[in-house]
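Next come the chains, spelled out residue by residue.
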Amino acid sequence: VQLQASGGGLVQAGGSLRLSCAASGRTSSNYMTAWFRQAPRKEREFVAVIRWRTGSTDYADFVKGRFTISRDNAANTVTLQMNSLKPEDTAVYYCAADPFVYVSGYDSPRIYHDWGQGTQVTVSS
């Protein structure tokens, strides 16, 4: 599966951005797509995940209530709506996908087989 992330940019604290992850080459409908982020000098961390067949989602505690992950089956696209952005949200955001669906362990980047190229999100104070 090839993933193409887009939608990053510069925004002031309290603002919003919408990231998109377009998938191509996928043959299975039972897929899992997640967003991770990596700030300078920090490890890559889990943000949110959505399971294609059921639409179920999970979020990191630090984005609950602010970020929403959703999918468009027809367009093979996953969207991350980010509201109430904070300077600490500044990072490169990556989308990732895997053909296995996990109910636990989904927050580990090691389980994801396919990765997009990353998109920069910068939140100014």
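Since the model is a prediction, treat every value here as computed from it, not as a measurement.

Novice: Mind showing me how you'd approach the overall build of the protein here?
Specialist: Of regular secondary structure, the protein possesses zero helices and eleven strands. Listed N to C, the secondary structure of the protein is β-β-β-β-β-β-β-β-β-β-β in terms of helices and strands. Against the globule reference of 14 Å for 125 residues, the protein gives a C-alpha radius of gyration of 13 Å, in line with a compact fold. A principal-axis box enclosing the C-alpha atoms of the protein has dimensions of 40 × 25 × 25 Å. A separation threshold of at least 6 residues defines the contact pool for the protein, and within that pool the share at least 24 residues apart is 56%. Roughly 6,400 Å² of accessible area belongs to the protein as shown, and the carbon and sulfur atoms make up 47% of that amount. Each charge class in the protein was averaged separately, 13 positive and 10 negative side chains, and the resulting centres sit 2 Å apart.

Novice: Just to check I follow, could you spell out the packing of aromatic side chains for this structure?
Specialist: The description of an aromatic ring pair uses the distance of the two centres, along with the angle that the planes make with each other. Under the definition given, this model contains six aromatic pairs. With 5.3 Å between their ring centres and 50 degrees between their planes, Phe 36 and Trp 115 make a pair best called tilted. On the criterion of sequence distance, the pair formed by Phe 36 in strand S4 (residues 32-38) and Trp 115 in strand S10 (residues 114-115) is long-range, its members being 79 residues apart. Classification of Trp 115 as partly exposed rests on a relative accessible area of 28%. Ring pairing ties together the aromatic residues Phe 36, Phe 46, Tyr 94, Tyr 106, Tyr 112 and Trp 115, which thus form one cluster. Looking at Arg 44, its charged tip hangs above the ring of Trp 115, at a distance of 4.9 Å from the centre.

Novice: I tried to follow the state of the cysteines on my own but got confused; where do I start?
Specialist: Formally, a disulfide is one covalent bond, and it connects the sulfur atom of one cysteine to the sulfur atom of another. Overall, the coordinates contain one disulfide when judged by the stated rule. The disulfide bridge from Cys 21 ends at Cys 95, spanning 2.2 Å between sulfur atoms. Here Cys 21 and Cys 95 share a disulfide; its torsion about the S-S bond, 70 degrees, makes the bridge right-handed. In this pair, Cys 21 sits in strand S3 (residues 17-24) while Cys 95 sits in strand S9 (residues 91-98), placing the two residues 74 residues apart along the sequence. You'll find Cys 21 and Cys 95 in the same group, each marked buried.

Reading the values: rules and limits
- Residues numbered from 1 in each chain as written.
- Predicted model: local features only at pLDDT ≥ 70, side-chain atom pairs only at ≥ 80, totals over all residues.
- Heavy atoms only, no water.
- Helix = DSSP H or I, 4+ residues; strand = E, 2+ residues; numbered from the N terminus.
- Rg over C-alpha atoms; globule rule 2.2 N^0.38 Å.
- Contact = heavy atoms within 4.5 Å.
- Areas by Shrake-Rupley, 256 points an atom, 1.4 Å probe, with all protein chains shown as cover.
- Lys, Arg positive; Asp, Glu negative; His and termini not counted.
- Charge placed at Lys NZ, Arg CZ, Asp CG, Glu CD.
- Phe/Tyr/Trp six-rings, centres within 6.5 Å; stacked < 30°, edge-to-face > 60°.
- Buried < 20%, exposed > 50% of the residue type's maximum accessible area, 1.4 Å probe, protein only.
- Lys NZ or Arg CZ within 6 Å of the ring centre and 35° of its normal.
- Disulfide = S-S within 2.5 Å.

Just distances and angles here, no functional claims.
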